[in-house]
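Architecture and fold: a report
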Amino acid sequence: MQSSLSRPWPETEPAAMTPAAEHEDIRDVMRRLLDCHSTLEDGRLAARSRVGYSPELWSLLVEEMNVAALTVPEDRGGLGYSVVELGIVLEECGRALVCEPVLTSATLGVHALLAAERSRTVDELLDRVVRGELVATVTALSGQTDFVDATRAGHRWSLSGRATNVVQGGAADVVVLLAHADDGPGLYAVDLRTATVRRTELPVVDPSRRQANLLFDDAEAVRLAGPGDAPRAVETLQSLGVIGLACEHVGVIDRLLDSTREYTMQRRQFGRAIGSFQAVKHRLANTLVELEKARSAARYAAAVFAEDPGAAALPAAVAGAVCTEAVIATAMEAVQLHGGVGFTWEHATHSYVRRALGDEPLLGDSRAHRGRIADLVGL
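Here the residue numbers are simple positions, counted from 1 along each chain's written sequence. Restriction of local features to residues with pLDDT of at least 70 applies here, the model being predicted, together with a cutoff of 80 or more for giving and counting side-chain atom pairs; totals for whole chains, interfaces and linings are based on all residues. Note: side-chain values were computed over all heavy atoms of the structure, leaving out hydrogens and water.

1. A word on the pattern of salt bridges
For this analysis, a salt bridge means a side-chain nitrogen from Lys or Arg found within 4 Å of a carboxyl oxygen belonging to Asp or Glu. Following the criterion strictly, the structure yields 29 salt bridges and no others. Two residues, Glu248 and Arg209, come together in a salt bridge whose shortest N-O distance is 2.9 Å. Placement of the pair is Glu248 in helix α7 (residues 230-266) and Arg209 in the loop between β6 (197-201) and β7 (211-225), with a sequence separation of 39 residues. Considered together, Glu248 and Arg209 belong to a single accessibility category, that of buried residues. A simple rule labels every residue: compare its accessible area, found with a 1.4 Å probe on the protein chains alone, to the largest value its type can have, and call it buried under 20%, exposed over 50%, or partly exposed in between. The buried category is assigned to Glu248, whose relative accessible area is 3%. The structure contains a network of salt bridges with shared partners spanning Glu24, Arg27, Arg31, Glu91, Glu92, Arg95, Asp254, Asp258, Arg261, Glu292, Arg295 and Arg299. Secondary structure elements are defined from DSSP: runs of H or I of at least 4 residues count as helices, runs of E of at least 2 residues count as strands, and each element is numbered from the N terminus.

Structure, rendered in structure tokens:
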């Protein structure tokens, strides 16, 4: 059955699809910054740290690139850009395989607080997340991950229960989650620094994207959206999460195609570069097709979300299905075309394979996204 909260497809082509010179400027600056400060070895060291990312690089991204303020309206202290520009930032983050909380805090955390009913507490939280003083994360906001009850006593809300597989939940300062109260489901924010919460780090496929289970015991919370507004806010955040992950995957595919093409032009057999063999050319061409499919789907979904988040559910599901399949196929192809070296832990390709496989279950695999497409179009 089609969702009552979203329209199946936008009626007109989004204007944000039009390329702009400013977009390439954003891409160039991001790429130069990450090339200097986020090498593969830097990322691996940061992923093994206590918080799972580099606070120094995170500060650079917040202060120099304003990643957390990018899509915040100007009247609330931000730059007033759209998800299209944020998508470019996320593409470059995927390309460099960063483990800093750009997707969780600068994207989902910021938008969750922007969607909340305004109050002094919410505005203070938003301001501190935008400045990078607090790192936020958002659960998958589904019945498969959020098992939390909300209780009200006067003006105070408290949460008890558990949230599972929370990305960067072990190091985040604030978590946004779905909880059920007597009047229905709502969206809540918990300050993990002061609340009664037990965190359990989980073994993960991708060590650069750590996850944790959170157990709440009468943890004080702020209600961001009640039963009337929560379903729409949850759908919007889920669409944004899928789009953000899809944009990251475009960057991963782009980097793998570049590195694989370079390797096949250097590796020689029978006196020739293996990239000159017809069979290898065909495989590289197929990977380029995967890149263009993924790029088109992700950028279209971001453009639709920028103009009307309520119309983005279907484009987001399409982007999720296309980009998830494309990034896994590309990662496997990159390993094969690199030969024996591609299977080793030391090689960069290995880390990209882990990111592709580790991301697959976070917000739904391609089969789940296709099921969502079927629901939205009424099949």
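2. Section: the packing of aromatic side chains
Paired rings are identified among Phe, Tyr and Trp, the last through its six-membered ring, by centres lying within 6.5 Å, and are further divided according to the angle between planes into stacked (under 30 degrees), edge-to-face (over 60) and tilted (the rest). Within the structure shown, the criterion is met by 1 aromatic pair. Pairing Trp157 with Tyr188 gives two aromatic rings, centres 5.5 Å apart and planes at 65°, and the pair type is edge-to-face. Placement of Trp157 in strand β3 (residues 156-167) and of Tyr188 in strand β5 (residues 184-191) is noted, with a sequence separation of 31 residues between them. Given a relative accessible area of 9%, Trp157 falls into the buried group. Overall, the relative accessible area of 0% leaves Tyr188 in the buried class. Any Lys NZ or Arg CZ that is within 6 Å of a ring centre and within 35 degrees of that ring's normal is treated as a charge sitting over the ring. Taking NZ or CZ as reference, Arg44 lies 5.4 Å from the ring centre of Trp345, over its face. It is Arg162 that lies over the ring of Phe147; its NZ or CZ is 4.5 Å from the centre.

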